[in-house]
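Chain by chain, the residues run as shown.
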Amino acid sequence: MEIQSSGRSIDTLMEKVLCMNILSSDYFKELFRLKTYHEVIDEIYNQVDHVEPWMTGNCRGPSTAFCLLYKFFTMKLTVKQMHGLLKHPDSPYIRAVGFLYLRYVAEPKTLWGWYEPYIKDDEEFSPGSNGKMTTMGVYVRDLLLGQAVASLSTISVKYYFDTLLPRVPLPLMRQITTNLEKMKLPTKLSGVTGDSTRMGADDSTARRPPSVKASLSVSFGQRAPHRASTRDSSPVRKAVADRDRDRDRDRERERSVDRSRDRERSYDDRDRDRDRAWDRERERDRERERDRDRDRDRDRDRRDRDRDYHRSSKERRDYDRDRYSSRRSRSPRRDSHERHRDSPFRGEKKETVSNNLQKLKDLYGDASQPKNDNGAGSEGVRKGTGTEEVIRLGGSSSWR
């Protein structure tokens, strides 16, 4: 669930000069690489050392803390995430950025409910770049009291390090003051968040750029004309500028190292992806080659089976044809042989039968001839029957 907000856009809640400088700064553009809530917290832990809106050393652009605060504005934190910020144990600056987020975004009537548990928090830190220490409870009270309050009689303008915070309605401010009095706590600014007047600050290095033109001139590498003499003549400004320059140089070196590491990691990832793509392509080629080999083997086996089948069929047909032709060729030879073998016997038998008939005709006479009147024929027959002559048919005859 998102935090209950006032419903106004952040451009109307934050000063226009500060908002434009944040959006045009190179550091804020680099924050686009941070995608999650925890990555922004890690960036606060590593980079933030004060919670002023402007970098020290005069008008050199918005501070790291406010660039990361604006990054949180774009993420629209939830209630759970805000509790994680306010109770974070690693760095007080993470908690301070969380309180600033509530001061800008939250509905004014809910501010006391968010801040009241931390009014007496005793964790020490330095909210400004001057190293002045204070407690988290004092810082929270100054956030509640630091604003532009308009009444019927007077106008009291109170700033947070030379910038304006969103206005809290007067009835709510009276209620907050009453609650602080009941807790026996001060109801006036302690001064840890800058002086109550913009031009009356003791630390001249914490003054805000007086105009958009001056701040943008420095952002584009030019010197602000109204600050040239002061910057050159003040030893404090020179020392602060040298310190900030060294710190910026170190940050830029760290960022270049990070970019180089990210670039190398991206190259390694690209090479690994390319190698994986090549491996997948080679594997697909091998798979296609195996498929072609299997198809080729399958076709060869099919052709071999067909050839063997046709060969066996042809051999079987040849065998049947040879067998049939041999059987036909053997039948005529056997008949002719038997015919040739049997023909002499039959001729001899016919000749023997003819000889026997002739002998019978000689003995008994030919029955086809007419008989004599005296019965010669019967006598001859009787005479013949009385004899013991035996005729053996089919060959030789013996006489007894």
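Residues numbered from 1 in each chain as written. Predicted model: local features only at pLDDT ≥ 70, side-chain atom pairs only at ≥ 80, totals over all residues. Heavy atoms only, no water.

1. What to know about the overall build of the protein
Within the protein, the regular secondary structure consists of 14 helices and 4 strands. Here the protein holds 400 residues, and 34% of them are scored as buried. Counting only contacts in the protein whose residues sit at least 6 apart along the sequence, the fraction spanning at least 24 positions is 67%. Surface summary for the protein: the accessible area is close to 25,800 Å², and the carbon and sulfur share equals 50%. (Helix = DSSP H or I, 4+ residues; strand = E, 2+ residues; numbered from the N terminus. Buried < 20%, exposed > 50% of the residue type's maximum accessible area, 1.4 Å probe, protein only. Contact = heavy atoms within 4.5 Å. Areas by Shrake-Rupley, 256 points an atom, 1.4 Å probe, with all protein chains shown as cover.)

2. Things to note about the packing of helix 5 (residues 64–75) against helix 7 (residues 92–105)
In the contact formed by helix 5 and helix 7, the axes pass within 10 Å of each other and the chain directions differ by 55°. Judged by the inter-axis angle, helix 5 sits oblique to helix 7. In this structure, helix 5 meets helix 7 at a crossing whose hand is right-handed. In contact with F66, L69, F72 and F73 of helix 5, helix 7 contributes V97, L100, Y101, Y104 and V105. Here the contact of helix 5 with helix 7 is composed, by residue class, of 9 nonpolar, no polar and no charged. (Axes fitted to C-alpha atoms, helices over the stretch in contact; angles between N-to-C directions. Parallel < 35°, antiparallel > 145°, perpendicular 65-115°, else oblique. Left-handed = near helix turned anticlockwise from the far one by under 90°. Nonpolar A, V, L, I, M, F, W, Y, C, P; charged D, E, K, R; others polar.)

3. Points about empty space enclosed by the protein
Taken as a whole and judged by the stated rule, the model has 1 cavity of 30 Å³ or more. Q47, V48, D49, H50, M55, S63, T64, A65, R247 and R251 together form the lining of the largest cavity. Mapped by element, the contributors of at least two residues to the lining of the largest cavity are helix 5 and helix 13 (235–364). (1 Å grid on protein atoms, 1.4 Å probe; cavity = no way out; pocket = protein on both sides within 12 Å on 5 of 7 lines; lining within 4 Å. Points joined across faces, edges and corners; volume = space filled by probe spheres on them.)

4. Some thoughts on the confidence of the model for the protein
When pLDDT is averaged along the protein, the result is 76; 70% of the residues meet or exceed 70. Counted against residues more than four places away or in other chains, residues 148–155, with its pLDDT under 50, gives 9 contacts. (pLDDT = per-residue confidence, 0-100.)

5. Some words on unusual backbone geometry
A positive phi is found at K76, a non-glycine position, where the angle reads about 55°. With respect to the helices and strands, K76 occurs in the loop between helix 5 and helix 6 (79–86). The backbone of F161 sits at a positive phi, close to 50°, despite the residue not being glycine. Residue position: F161 is located in the loop between strand 4 (155–157) and helix 10 (170–182).

6. Comments concerning the packing of helix 9 (residues 136–145) against helix 10
Following both chains from N to C, one finds helix 9 and helix 10 inclined at 150°, their axes separated by 11 Å at the closest point. Relative to helix 10, the element helix 9 lies roughly antiparallel. Here the hand of the crossing between helix 9 and helix 10 comes out left-handed. Here R141, L144 and L145 of helix 9 come into contact with helix 10, specifically with M173, I176 and L180. Residues that form the contact of helix 9 with helix 10 fall into these classes: 5 nonpolar, no polar and 1 charged.

7. Here we look at a nonpolar patch on the surface
Together, V353, L357, L360, L363 and Y364 line one region of the surface with nonpolar side chains, adding up to about 420 Å² of accessible area. Tracing the backbone shows L360 in helix 13. (Patch = residues over 30% accessible without salt bridge, like charges linked within 9 Å, V, L, I, M, F, W, Y side chains within 5 Å. Salt bridge = Lys/Arg side-chain N within 4 Å of Asp/Glu carboxyl O.)

8. Quick look at the packing of aromatic side chains
In the structure shown here, the tally under the stated rule is 14 aromatic pairs. Ring centres of F28 and Y70 lie 5.5 Å apart, and the angle between their planes is 85°; this geometry places the pair in the edge-to-face category. Of this pair, F28 sits in helix 3 (residues 26–30) while Y70 sits in helix 5, placing them 42 residues apart in sequence. Judged by relative accessible area, F28 falls into the buried class, the value being 6%. Relative to Y101, the ring of F73 lies with its centre 5.4 Å away and its plane at 40°, an arrangement referred to as tilted. Placement of the pair is F73 in helix 5 and Y101 in helix 7, with a sequence separation of 28 residues. Each member of the pair F73 and Y101 is classed as buried. (Phe/Tyr/Trp six-rings, centres within 6.5 Å; stacked < 30°, edge-to-face > 60°.)

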